[in-house]
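# Structure assessment
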Amino acid sequence: MFTIIKQLNQARTGVLEINNRKAETPFFMPVATKAVGRFVTSEEYESSNTKAIIANAFFLSLSPSLEMFEKTNGIHNFMNYNGIIFNDCGGFQMLRENLLKETTANGILLKNPMGKDVFMRPEKIMHISSIIKPDVMMALDCVLPFGKTKEEYQEALIKSHKWSKECLKYKTKDTLLFGITQGGTFKELRKDSAKAINEMNFDGHAIGGLGIGEPSEKMFEMIEASVPFLDNNKPRYLMGVGKPDQILECISRGVDIFDSIYPQKNARHGMLFTFNGILDLGKSNYKFDFTPIEKDCQCLTCKKYTKAYLRYLLKKDDAVGKRYLTIHNIYFMQEFMKKIRESIKENTFEEFKKEFLEKFKKIKE
RNA sequence: GCCCUGAUAGUGUAGUUCGGCCUAUCAUGUGGCCCUGUCGAGGCCACGACCCGGGUUCGAAUCCCGGUCAGGGCG
């Protein structure tokens, strides 16, 4: 299931294998909340070397119904994507003020933008999971925004741990179940949570509730407070983090898996990632720049289109432009992760990290 | 030559009827900041204009006169 191939200090590279699907770690998962990436197809995910994506149980359960997953025997066939599919539990939607109605001891009441409110509780999300049949299901957690008091995080932890334990009761054979640690921005709570979740014997461990507005340094501290208590032989997943510089820092602190909408959302808004820095395609000096976003990039976008054309599409606010820009950033992320894995294998991770961080700032010209 | 119509940021415009709520609207543009387990094809900030001259008035983008320019009509 999870095999570590090589470890350099805390950074490691390995393989996550489930249901005959494989992904080398560390890997980055683009998001496909509703069984589709915004503006990109399953095929484009596959052709950009994306070996894993993450969907969302809450949104998938809404409308029209779960029947389509029953009829196709699961999400892979339904969306015709054959990589690993994670399924998020809906806990993160607690952060959306317009979705959260209330939290009780037993679960979360979420507003359904299209109908009746939905009460997300462990048994329910596990039932949804048994129909969607992802490769990895995330246990239900209780997420609070950044900036709450220690007491509030503590209280949320009790719920998180209770719900996590309950999810384990409904675990199915073909789906791995990952538990999510919480604890806000308090080291002691992070440690308590990591210990508690680790003891429950999940297939993998996630660190949640980060990347929601706290300073990067705080995030790193929280990871350092959690990782020592999470079984070294199980995959560690930092939920929601997608800034390349943060990913590097977190890998060197022992994280294996990431997901985020960040590269996709930024792409749509004209911020393109390259190995020389972040390029802001909205700037007027690209108006007549008939070269690709990144010279040696092998993505569909860079092979076929120029900055001038893509900028034009961006300014037109055209969906086709958003699609091509998204494809580039996804491809970049996969290349980035590949280089990281290679550098760990070749003992050059620290050098790669240093060199990358020096270059990875906004391109000014 | 005469008559009519119009002139507001780089661009396109709102406001002009009936002067004051205009330190002038909106969009776009340009520049900056932001986006982290996606309800949302996004958010915030800055820059930037009343064609020129005179008059009436407490007060003019707005009314009057002259000029310039543009479009249309008549010779």
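The structure under discussion appears in the preceding block.
As the structure is a computational prediction, the values presented were derived from the model and not from experiment. (Residues numbered from 1 in each chain as written. Chains lettered and ligands numbered in written order. Predicted model: local features only at pLDDT ≥ 70, side-chain atom pairs only at ≥ 80, totals over all residues.)

## Regarding the packing of helix α12 (residues 307-316) against helix α13 (residues 319-345)
The geometry of α12 relative to α13 is characterised by a closest axis approach of 7 Å and an angle of 130° between their N-to-C directions. As the angle between them shows, α12 and α13 are arranged oblique. In the crossing of α12 with α13, the sense of the turn from one axis to the other is left-handed. Contact residues: α12 offers Leu310, Leu313, Leu314 and Lys316, while α13 offers Val320, Gly321, Tyr324 and Leu325. Tallied by class, residues from the contact of α12 with α13 come to six nonpolar, one polar and one charged. (Axes fitted to C-alpha atoms, helices over the stretch in contact; angles between N-to-C directions. Helix = DSSP H or I, 4+ residues; strand = E, 2+ residues; numbered from the N terminus. Parallel < 35°, antiparallel > 145°, perpendicular 65-115°, else oblique. Left-handed = near helix turned anticlockwise from the far one by under 90°. Contact = placed C-beta atoms within 7 Å. Nonpolar A, V, L, I, M, F, W, Y, C, P; charged D, E, K, R; others polar.)

## Re the pairing of strand β7 (residues 100-103)
Sheet faces and side chains relate simply in a regular strand, where the side chains alternate between the two faces. In this sheet, strand β8 (residues 108-110) lies alongside β7 in antiparallel orientation, the contact comprising three bridges. Bridge pairing in β8 links Leu100 to Leu110. Linking β7 back to β8 in an antiparallel pair, the connection comprises four residues. (Pairing = 2+ DSSP bridges.)

## A short note on the protein's contact with RNA strand B
Taken together, 44 residues are adjacent to RNA strand B, and Val143, Gly211, Gly240, Ile261 and His269 come closest. A total of five residues in the surface near RNA strand B trace back to one element, the largest contributor, which is helix α10 (residues 262-268). For the surface near RNA strand B, the residue count by class is 14 nonpolar, 19 polar and eleven charged. (Near = placed C-beta within 6 Å.)

## Thoughts on the sheet that holds strand β1 (residues 2-8)
What the three strands build is an open sheet, ordered β1-β2-β3; its pairing is antiparallel. The sheet is open, and its two edges are formed by β1 and β3 (21-25), each paired on a single side. Ignoring strand direction, the axes of neighbouring strands in this sheet form an average angle of 10°. Direction of pairing for strand β2 (residues 11-18) relative to β3: antiparallel, over a ladder of five bridges. Looking across to β3, one finds that Val15 is bridged to Glu24.

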